[in-house]
Amino acid sequence: MARKSKNLQEKDKIVIFCEGYTEVHYFNMLKRKYRGGNVHVEPHKSKRTNAYGVVHSAINSPHISGAKKVYAIFDKDRNTIQELTNALNAANQNGIDVGYSNISFDLWVLMHFEKVDSYKTQPNIIQKLNKHFKCTSYEDDMKNNAKIGDYLSDKVNNAISNSLDSPHLNQTGNLINFLSKNPFHNIHNVVEDIFKISKFKGRYN
């Protein structure tokens, strides 16, 4: 006798626009790990290379059609506070959620290994990641490597816990108030919001 198919509710479509390929590889890993077939990860393709460019890509992309939620993931990098403010305002006006990190997305990667509570520069972060990944150059060997997600897959809850335990990161309020704060990111909130990781505890690391 044929088995009856379960009447499973289709998940809402979610689209994530990423500034760099580290982010693309990372969120694709989360898709696999947490069964996010409804999540679509898009690399930033606009000629505008600043934070506003990522938001601009999201606003004008045909891929957002039918999406319940749209996210733009970017970091401070070389953006001025005014450029970041413009990007956030454009995102807010168009119903786009933002994942932001200062100084770079690499800060979130570092949180998979340790809690970060003090001011960091990009060289500080890279130096620590070289040690954690046991490589000579994280930027050359790991940063845009498609396998970076596999290295971090079993440490996602660690990154979330380290973020929640940090008074520098676990703050609420308008994101515009935290643009210059270092260290800062809200990626743990974005990851939890998209993949509902708390419901997987006990089944996945």
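Some points on the confidence of the model for the protein chain
Here the protein chain averages 89 in pLDDT, and 90% of its residues register 70 or above. Predicted confidence is poor over residues 1–5, with pLDDT under 50, and the contacts of this stretch with residues over four places away or in other chains come to zero contacts.

With respect to unusual backbone geometry
Across the junction of N182 and P183, the peptide omega takes the value 0 degrees, indicating a cis bond. Position of P183 among the secondary structure elements: in the loop between α8 (156–164) and β5 (184–185). The phi dihedral of R35 falls on the positive side, at around 55 degrees, and the residue is not glycine. As for its placement among the helices and strands, R35 is situated in the loop between α1 (21–33) and β2 (39–43).

A short note on the sheet that holds β2
Sheet architecture is open: five strands sit in the order β2-β1-β3-β4-β5, paired in mixed fashion. Every other strand in the sheet has two partners, leaving β2 and β5 as the edge strands with one partner each. Here five bridges tie strand β3 (residues 69–75) to strand β4 (residues 97–102), and the two strands are oriented parallel to one another. Along β4, the bridge assignment pairs Y71 with D97. Packed onto the sheet, helix α2 (residues 51–60) meets β1 (14–18) and β3 and runs at close to 165 degrees relative to β3.

Quick word on the nonpolar core
Counting 60 residues, the largest nonpolar core has I16, Y26, F27, F74 and V191 as its most contacted members. Excluding residues within four positions of it along the chain, Y26 makes contact with F105, W108, H112, L152, V156 and V191.

So, the packing of α2 against helix α3 (residues 81–93)
Taken N-terminus to C-terminus, the directions of α2 and α3 make an angle of 15 degrees; their axes are 8 Å apart at the nearest point. Put simply, α2 runs roughly parallel to α3. For the pair α2 and α3, the crossing hand works out as left-handed. Contact residues: α2 offers A51, Y52, V55 and I59, while α3 offers L84, N86, A87, A90 and A91. When the residues that make up the contact of α2 with α3 are grouped by side-chain class, the tally is eight nonpolar, one polar and no charged.

Things to note about the pattern of salt bridges
Tallied over the entire structure, the rule returns seven salt bridges. Note that R32 and D150 form a salt bridge whose closest N and O atoms lie 3.5 Å from each other. Taken as a pair, R32 in helix α1 and D150 in helix α7 (residues 148–152) lie far apart in primary sequence, 118 residues in all. Salt bridges here are not isolated pairs; linked through shared partners, they connect K69, D193 and K196.

Some thoughts on the packing of α1 against helix α9 (residues 187–195)
Remark: α1 packs on α9, axes separated minimally by 11 Å, with the N-to-C direction vectors making an angle of 35 degrees. For the crossing formed where α1 meets α9, the hand is right-handed. Between α1 and α9, the contacting residues are Y26, F27, L30 and K31 on the first element and V191, I194 and F195 on the second. Of the residues assigned to the contact of α1 with α9, the class counts are six nonpolar, no polar and one charged.

Considering the pairing of β2
The element β2 is largely enclosed, with a buried count of four among its five residues. Taken together, the five bridges between β1 and β2 define a ladder with parallel strand orientation. Considered in β2, the bridge of I16 is made with V41. The handedness of the β1 to β2 crossover, carried by α1, is right-handed.

Some words on α9
Every buried residue of α9 is accounted for by I187, H188, V190, V191, I194 and F195. One side of α9 carries all its buried residues, which in axial view fall inside an arc of 160 degrees. With its phi angle positive at about 50 degrees, K196 sits one or two positions after the end of α9.

Topic: the environment of A91
Its location among the elements puts A91 in helix α3. What makes A91 buried here is its relative accessible area of 0%. The spatial distance from the C-alpha of A91 to the C-alpha of T22 is 22 Å, given a sequence separation of 69 residues. The contact partners of A91, leaving out residues within four places of it in the chain, are V55, I96 and V98.

Reading the values: rules and limits
All residue numbers refer to positions counted from 1 along the written sequence of the respective chain. Confidence filtering applies because this is a predicted model: local features only for residues at pLDDT of at least 70, side-chain atom pairs given and counted only at 80 or more, and all residues used for totals across whole chains, interfaces and linings. For side-chain calculations, the full set of non-hydrogen atoms in the structure is used, while hydrogens and water are omitted. For every residue, the predictor states its confidence as a pLDDT score lying anywhere from 0 to 100. Here, two residues are considered to be in contact whenever any of their heavy atoms come within 4.5 Å of each other. In this description a helix means any DSSP run of H or I spanning at least four residues, a strand means any run of E spanning at least two, and both kinds are numbered starting from the N terminus. Whether two strands pair depends on DSSP finding at least two bridges between them. Structural elements are reduced to axes, namely lines fitted to C-alpha atoms, with helices fitted over the stretch in contact, and the angle between N-to-C directions of any two is expressed from 0 to 180 degrees. Buried Ala, Val, Leu, Ile, Met, Phe, Trp, Tyr and Cys residues that are joined via side-chain atoms within 4.5 Å together make up what is termed a nonpolar core. Partly exposed residues are those whose accessible area sits between 20% and 50% of the maximum for their type, while under 20% is buried and over 50% is exposed, using a 1.4 Å probe and protein chains only. These descriptions rest on fixed angle ranges, namely under 35 degrees for roughly parallel, over 145 for roughly antiparallel, 65 to 115 for roughly perpendicular, and the rest for oblique. In this scheme the handedness of a crossing depends on how the near helix is turned from the far one: anticlockwise by less than a right angle means left-handed, clockwise means right-handed. Note on residue classes: Ala, Val, Leu, Ile, Met, Phe, Trp, Tyr, Cys and Pro are nonpolar, Asp, Glu, Lys and Arg are charged, and everything else, Gly too, is polar. One side-chain nitrogen of Lys or Arg within 4 Å of one carboxyl oxygen of Asp or Glu is enough to make a salt bridge. If the strands point away from the viewer and the path from the first strand over the helix to the second runs clockwise, then the crossover is right-handed. Here, the arc refers to the directions that run from the helix axis to the C-beta atoms.

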